[in-house]
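Residues per chain, in single letters:
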Amino acid sequence: MSDTDQAPDRRNFVAKAASIVVGGLISVVAPVAGLFTLFDPLRRKTDTRGLVRVASLASLETNGPPRKFPVLDTLVDAWNTTENVPVGSVYLQRTGDATVRVLNSVCPHLGCSVGYNASTHGYFCPCHRSSFTLDGAIADPKSPSPRGMDELEAVIRDGDVWVRFQNFRKGSPDKIAV
């Protein structure tokens, strides 16, 4: 072989090497960019649950008995938004002209649904016989519940009751949000 036959191969080596590097980068970068786009919703931070409108203030009688209301919220996951999803329920009791006591209707013992007993003017959990006063405190010292009912934050806005709904760890004497 002569030197003239090898010269074109040496000149083309840089071009061939560059095309291999560029082709390799394109074949790696494009799928990685696609994966970032696909999984972008999973990387986004979601807001913590805010205030949820539960009822109108006019629907509650001042110093009347508590009433149970469902809590309907908008749930947002990585790709979907679903409106009016039942996330729990609360007891509302109007304690003044513009004040409301809000109690989560779930028993802090094991998560059973607490009912209001009008004859005893208190709450009662049928699962393990926990009883609570109107303000949510434990009524019977022998109650298996480790704490009183969970009170939630309420805001009166434009004649409506808005609640910051959340659930708490069951079976714990401390009120730990979950």
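Further up the page is the structure itself.
Caption draft 1: The sheet that holds strand E4 (residues 100-104), seen in detail. Here we have 3 strands laid out as an open sheet, ordered E2-E3-E4, and antiparallel in their pairing. The sheet terminates laterally at strand E2 (67-76) and E4, the two strands that pair on one side only. Averaged over all adjacent pairs, the angle separating strand axes in this sheet is 45 degrees, with direction ignored. With 5 bridges joining them, strand E3 (residues 81-94) and E4 adopt antiparallel strand pairing. By the bridge assignment for E4, arginine 94 is matched with valine 100.

Caption draft 2: Local environment of the sheet that holds strand E5 (residues 115-117). Spatial strand order, E5-E6-E7: 3 strands in an open sheet with antiparallel pairing. The open sheet has two edge strands with one neighbour each: E5 and strand E7 (130-132). Sheet twist, expressed as the average angle between the axes of neighbouring strands with direction ignored, equals 30 degrees. Inspection of the sheet shows strand E6 (residues 122-125) paired to E7 by 3 bridges, in the antiparallel sense. Bridging across to E7, phenylalanine 124 finds its partner in serine 131.

Analysis parameters
Residues numbered from 1 in each chain as written. Predicted model: local features only at pLDDT ≥ 70, side-chain atom pairs only at ≥ 80, totals over all residues. Heavy atoms only, no water. Pairing = 2+ DSSP bridges. Helix = DSSP H or I, 4+ residues; strand = E, 2+ residues; numbered from the N terminus. Axes fitted to C-alpha atoms, helices over the stretch in contact; angles between N-to-C directions.

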